Amino acid sequence: MKKGIILKALSGFYYVEDLQTKELIQCRSRGLFRKKKITPLVGDSVHFTVEPDGNGYVMEILNRKNELVRPPIANVDLALVVFSVKEPDFSPKLLDRFLAVIEANQIEPIIVLTKMDLLTSEEQSLIAPIIQYYREIGYQVIETSSKQQFGLDGIKDLIRNQIVVICGQSGVGKSSLLNSMDQTLNIQVNEISKALGRGKHTTRHVELHKLSDGLIADTPGFSSLDLDQLEPNDLSECFVEFYQRSQDCKFRGCLHVNEPRCAVKEAVEVGEILPTRYENYLQFLTEIKSRKPKY
Ligand SMILES: Nc1nc2c(ncn2[C@@H]2O[C@H](COP(=O)(O)OP(=O)(O)OP(=O)(O)O)[C@@H](O)[C@H]2O)c(=O)[nH]1
Ligand SMILES: [Mg+2]
Ligand SMILES: [Zn+2]
């Protein structure tokens, strides 16, 4: 049996790179895993066979280190959470949602801001303190422009020997970012809709590209992400700066809402926690609590 990695999944086919020959083999799925309702994902390490007629078949999926539902991908080392500072406008709420979901999957998120070239100096000074805040709580924030070609080397350095996924809304410039890092990729990009102020969903499938001695996945844009996998207590752990302070809350398991002597609420009051972070947290918490039980 040959060993490989799925680089692309499209219309029922899996494109597997043979680990030894580096050939790309078009495969269907045939393995026993299908009985367990497991679908192969981009990023999966697999065992596959090639029959004499040339058709490939995925026979076995090796254990996954992790898997994301949106975008669908497995074995991710690093997630680039991509937001444009303009067109579409920067949304701290969506950023906090993405960060929470990535954290919940125990994947390291890196914040990548795109289209920095579009900001006036006035707008730049408005966004700078927000960027600074996310850096202070421990996130790496990379400011880029594909148009003016800056900030890209920082990303290339991160990809080495890793499986990296790019996630973000449609039109933020995910594919453009990849094209700027490697002109030979030539991925299709599109204008954002003037009427809607957002992208047109140009990228329609998940695909791992070879870049900088690593693999990086371009993905279709999405702007809603549900918090399905999260329980109320998980959420407070996914807000990293809340989690650090929660040891000082009076009650163990404090959800930082109405509990007395809550270190998180105190930090919000003295201005140490960004008000939008706390508001978003409360809103996500309400969403999780009001979710219908699954069973
Ligand atoms: N001014 C400016 N425009 C950019 C930059 N990066 C991308 N764009 C433009 O933004 C638009 C959308 O870019 P894409 O790369 O297609 O966006 P995407 O995130 O891949 O979108 P989907 O595939 O739909 O998810 C295109 O018109 C790009 O030219 C940038 O750094 N500066
Ligand atoms: Mg795209
Ligand atoms: Zn608390």
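Everything numeric in this text was worked out from a predicted model, so none of it was measured.

Cut-offs used in this document
- Residues numbered from 1 in each chain as written.
- Chains lettered and ligands numbered in written order.
- Predicted model: local features only at pLDDT ≥ 70, side-chain atom pairs only at ≥ 80, totals over all residues.
- Heavy atoms only, no water.
- Donors = N, O, S within 2.8 Å, 3.2 Å for Na, K, Ca; no water.
- Buried < 20%, exposed > 50% of the residue type's maximum accessible area, 1.4 Å probe, protein only.
- Helix = DSSP H or I, 4+ residues; strand = E, 2+ residues; numbered from the N terminus.
- Core = buried A, V, L, I, M, F, W, Y, C linked by side-chain atoms within 4.5 Å.
- Near = heavy atom within 4 Å.
- Polar contact = N/O pair within 3.5 Å; in protein donor to acceptor, adjacent residues only side chain to side chain.
- Nonpolar A, V, L, I, M, F, W, Y, C, P; charged D, E, K, R; others polar.

## Examining the coordination of the zinc ion (ligand 3)
Piece 1. Protein-derived coordination of the zinc ion (ligand 3) comes from Cys 249 (SG), Cys 254 (SG), His 256 (ND1) and Cys 262 (SG), at a distance range of 2.1 to 2.4 Å.
Piece 2. In the primary structure, the donors to the zinc ion (ligand 3) are separated according to the pattern C-x4-C-x1-H-x5-C. Both residues of the pair, Cys 254 and His 256, count as buried.

## Observations regarding the coordination of the magnesium ion (ligand 2)
Piece 1. Within the first shell, the magnesium ion (ligand 2) binds the protein through Ser 175 (OG) and Thr 203 (OG1), at distances of 2.0 to 2.1 Å. Residue Ser 175 is found in helix 4 (residues 174–181), and its partner Thr 203 is found in the loop between helix 4 and strand 12 (207–211); the two are separated by 28 residues along the sequence. Here Ser 175 matches Thr 203 in class, with each residue buried.

## Topic: the nonpolar core
Piece 1. Membership of the largest hydrophobic core comes to 70 residues, with the highest contact counts inside it found for Ile 73, Leu 113, Tyr 134 and Leu 235.
Piece 2. Top element by residues in this core is helix 1 (residues 92–104). It accounts for 7 residues.
Piece 3. Listed in part, the 18 residues of the second largest apolar core include Ile 110, Ile 166, Leu 177 and Leu 211.

## Let's talk about the site of ligand 1
Piece 1. Looking at ligand 1, there are 23 residues lining it, with Asp 117, Ser 146, Ser 170, Lys 174 and Ser 176 nearest.
Piece 2. The backbone of Asn 190 places a nitrogen or oxygen atom 3.0 Å from an oxygen atom of ligand 1.
Piece 3. Of the residues that constitute the shell around ligand 1, the class distribution is 5 nonpolar, 13 polar and 5 charged.

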